[in-house]
Amino acid sequence: MTNPLISIIVPIYNVEAYMARCFTSISSQSYRNIEIIAVNDGSTDNSFRMLEGLGKEDNRIHILHKENGGQASARNLGMSVAKGDYFMFVDSDDFMDSNAVQACVDAVNSQPCDLVVFDYYKHNKQGQNEHVHLGKELHSSTTAPWNKLYSRKLWENHRFPEGYWYEDLGIIPVVVANANNVVKIDKALYYYDVSRNSSQTNTINPLKLKDKIHMVENVYRELETQGKLNKNINKVEQLFIDHLLNGLLFKLMYVEDMSVRLEISRSIRSTMDRYFPKWRNAVKHNNKGMKKIMKRVVIHQYLKGQFLLGDMLLKYPKQMKKKSM
């Protein structure tokens, strides 16, 4: 398959300031055999009007409009109409390297595979780019959908969980685990913009934090149902550690309501104990060196509901760093 059709699915919600950059990066791809599925998820700003203008400039852009239902529902709708042999996802406040699609197609043509994973840049307010190096396993390839090229068949029995935050976490590891052969490109081909204050990445919503727990549980259940859990059990345990202990638990320093803090810390502890009773050994093994030992102390304190010492260890270095800038 030397010239496959690639469907690039873009969910859109109130991102008028970023749309031109995003769609220019897609339309100007060096690989031309693409269709761009733009799903307007009930935007209330000028995003839809701008999208109509972009569609007139590039007839490969197919515009869908729906009531606001969240990013997961927008991506699911996009996949339902996509005609491509392979899928890619782009968030509308991000952008792509001009050779991103070509690099992925070259990888597919060089060896049989149904998943291609590539590195990405974190793009900040100053326009600086930090190269993020990744692996190709379910726990190391990042749970984001946008640094990958997927064969169509990988999504035949899967969709993004709707009605949750962190929906990527709930399904991307499952899709990666179902790939028969994964090719890794050791080059950053995607620019993940971390500068937008209103993005979900930069938003702490105490009512939605526990969705992370539901999403990792979904990965466990899906792989168990498919009979793929046992061979991936160590990777799934690391996924739980990364996203519950090293991720969700550390977000509690931004939550002011002490009752919410206690509820989430207890839920994390009970979840880890239920699925991986020996998780403490894995955390101890992975946390060596002074910085990581301090991290382990914070995890221990937070899980006991003792937040004072943990807050001091987390917040003081951050405050000192801000003062020095």
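Analysis parameters
- Residues numbered from 1 in each chain as written.
- Predicted model: local features only at pLDDT ≥ 70, side-chain atom pairs only at ≥ 80, totals over all residues.
- Heavy atoms only, no water.
- Helix = DSSP H or I, 4+ residues; strand = E, 2+ residues; numbered from the N terminus.
- Rg over C-alpha atoms; globule rule 2.2 N^0.38 Å.
- Buried < 20%, exposed > 50% of the residue type's maximum accessible area, 1.4 Å probe, protein only.
- Contact = heavy atoms within 4.5 Å.
- Areas by Shrake-Rupley, 256 points an atom, 1.4 Å probe, with all protein chains shown as cover.
- Phe/Tyr/Trp six-rings, centres within 6.5 Å; stacked < 30°, edge-to-face > 60°.
- Pairing = 2+ DSSP bridges.
- Right-handed = clockwise from strand over helix to strand, strands pointing away.
- UniProt positions renumbered as here; feature names shortened; annotations may be inferred.
- Domains from an automatic or database assignment.
- Buried area = accessible area lost by both parts, 1.4 Å probe.
- Salt bridge = Lys/Arg side-chain N within 4 Å of Asp/Glu carboxyl O.
- Polar contact = N/O pair within 3.5 Å; in protein donor to acceptor, adjacent residues only side chain to side chain.
- Nonpolar A, V, L, I, M, F, W, Y, C, P; charged D, E, K, R; others polar.
- 1 Å grid on protein atoms, 1.4 Å probe; cavity = no way out; pocket = protein on both sides within 12 Å on 5 of 7 lines; lining within 4 Å.
- Points joined across faces, edges and corners; volume = space filled by probe spheres on them.

Engineer: Can you walk me through the overall build of the chain in this structure?
Structural biologist: Counting its secondary structure elements, the chain contains 11 helices and 9 strands. Taking 20 Å as the expected radius of gyration for a compact globule of 325 residues, we find that the chain reaches 20 Å, a close match to that expectation. With respect to the principal axes defined by its C-alpha atoms, the chain has extents near 60 × 45 × 35 Å. Per-residue burial for the chain yields a buried fraction of 53% across its 325 residues. Within the chain, contacts between residues separated by at least 24 positions form 78% of all contacts whose residues are at least 6 apart in sequence. Counting only carbon and sulfur atoms, one obtains 49% of the accessible surface of the chain, whose full area is about 15,600 Å².

Engineer: Is there a simple way to think about the packing of aromatic side chains in this case?
Structural biologist: The description of an aromatic ring pair uses the distance of the two centres, along with the angle that the planes make with each other. Evaluation of the coordinates by the stated rule reveals 18 aromatic pairs. Judged by centre distance (5.4 Å) and plane angle (50°), the ring pair of phenylalanine 240 and tyrosine 275 falls under tilted. Separated by 35 residues along the polypeptide, phenylalanine 240 in helix α7 (residues 229–251) and tyrosine 275 in helix α8 (residues 258–275) bring together distant segments of the chain. An identical accessibility class is assigned to phenylalanine 240 and tyrosine 275; each is buried. Three or more aromatic residues link up through ring pairs in this structure, and these residues are Phe89, Tyr150, Trp155 and Phe160.

Engineer: Could you clarify how one ought to interpret helix α5 (residues 167–177) in this entry?
Structural biologist: One turn of an α-helix holds 3.6 residues; hence residues three or four places apart share an orientation. The buried count for α5 comes to 11 of 11 residues, which makes it a mostly enclosed element. Along α5, the residues classified as buried are Glu167, Asp168, Leu169, Gly170, Ile171, Ile172, Pro173, Val174, Val175, Val176 and Ala177. At its buried positions, α5 is contacted by α3 (71–81), β6 (115–123), β8 (148–151), α6 (211–225) and α7.

Engineer: Would you mind showing me how to read the pairing of strand β3 (residues 61–66) here?
Structural biologist: As a general feature of sheets, a regular strand has side chains that alternate between the two faces. Note: strand β2 (residues 34–41) against β3, 6 bridges, orientation parallel. By the bridge assignment for β3, isoleucine 36 is matched with isoleucine 61. Since β2 and β3 lie parallel, the crossover through helix α2 (residues 47–57) that links them has a hand, and here it is right-handed.

Engineer: What is the right way to read the environment of tryptophan 155 from this model?
Structural biologist: Its location among the elements puts tryptophan 155 in the loop between β8 and α5. Each C-alpha atom, one on tryptophan 155 and one on aspartate 193, is 26 Å from the other, the two residues being 38 residues apart in sequence. In contact with tryptophan 155, not counting residues within four places along its chain, are Met79, Phe87, Phe89, Tyr150, Phe160, Ile171, Ile172 and Val175.

Engineer: Please clarify how the UniProt feature "domain: Glycosyltransferase 2-like" (unreviewed entry) in the chain should be interpreted in this entry.
Structural biologist: Mapped onto this structure's residue numbering, the UniProt feature "domain: Glycosyltransferase 2-like" (unreviewed entry) falls at residues 7–141. Taken end to end, residues 7–141 comprises 31% helix and 29% strand; its first and last C-alpha atoms sit 21 Å apart.

Engineer: Got a minute to help me understand the pairing of β6 in this structure?
Structural biologist: Counting buried positions over the 9 residues of β6 gives 7, a clear majority of the element. In this sheet, β8 lies alongside β6 in antiparallel orientation, the contact comprising 3 bridges. If you follow valine 116 over to β8, its bridge partner there is leucine 149. Sheet topology places β6 next to strand β9 (residues 182–193); 8 bridges connect them, and they run parallel. When the bridges of β9 are listed, histidine 123 appears paired with aspartate 193. Sheet topology places β6 next to strand β7 (residues 129–132); 4 bridges connect them, and they run antiparallel. Each bridged residue has a counterpart across the sheet, and for histidine 123 the counterpart in β7 is asparagine 129. What sits between β6 and β7 in their antiparallel hairpin is a turn of 5 residues, with glycine 127 showing a positive phi close to 80°.

Engineer: Explanation requested: the domain arrangement of the chain in the structure shown.
Structural biologist: Frequently, the measure chosen for interface size is the accessible area that the parts lose on association. Here the chain is partitioned into domain 1 (6–200) and domain 2 (204–323). Each of domain 1 and domain 2 has a C-alpha centre, and the two are 27 Å apart. Each side of the interface is counted separately: domain 1 has 17 residues, and domain 2 has 22 residues. Interface area for domain 1 against domain 2, summed over the two sides, is near 1,700 Å², with a carbon-plus-sulfur share of 71%. Three residues stand out in domain 1 for area buried against domain 2, namely Trp165, Tyr166 and Leu169, and they jointly supply 34% of the buried area on that side. Remark: the boundary between domain 1 and domain 2 carries 1 salt bridge. A salt bridge links glutamate 137 to lysine 235; the nearest nitrogen and oxygen atoms lie 2.9 Å apart. Taken together, the links from domain 1 to domain 2 amount to 5 residue pairs in polar contact (both at pLDDT 80 or more). Among the residues making up the side of domain 1 that touches domain 2, the classes are represented as 9 nonpolar, 6 polar and 2 charged.

Engineer: When you look at the layout of surface pockets in this model, what are you seeing that I'm missing?
Structural biologist: Taken as a whole, the second largest pocket holds about 210 Å³ of empty space. Split by residue class, the lining of the second largest pocket holds 4 nonpolar, 1 polar and 5 charged.

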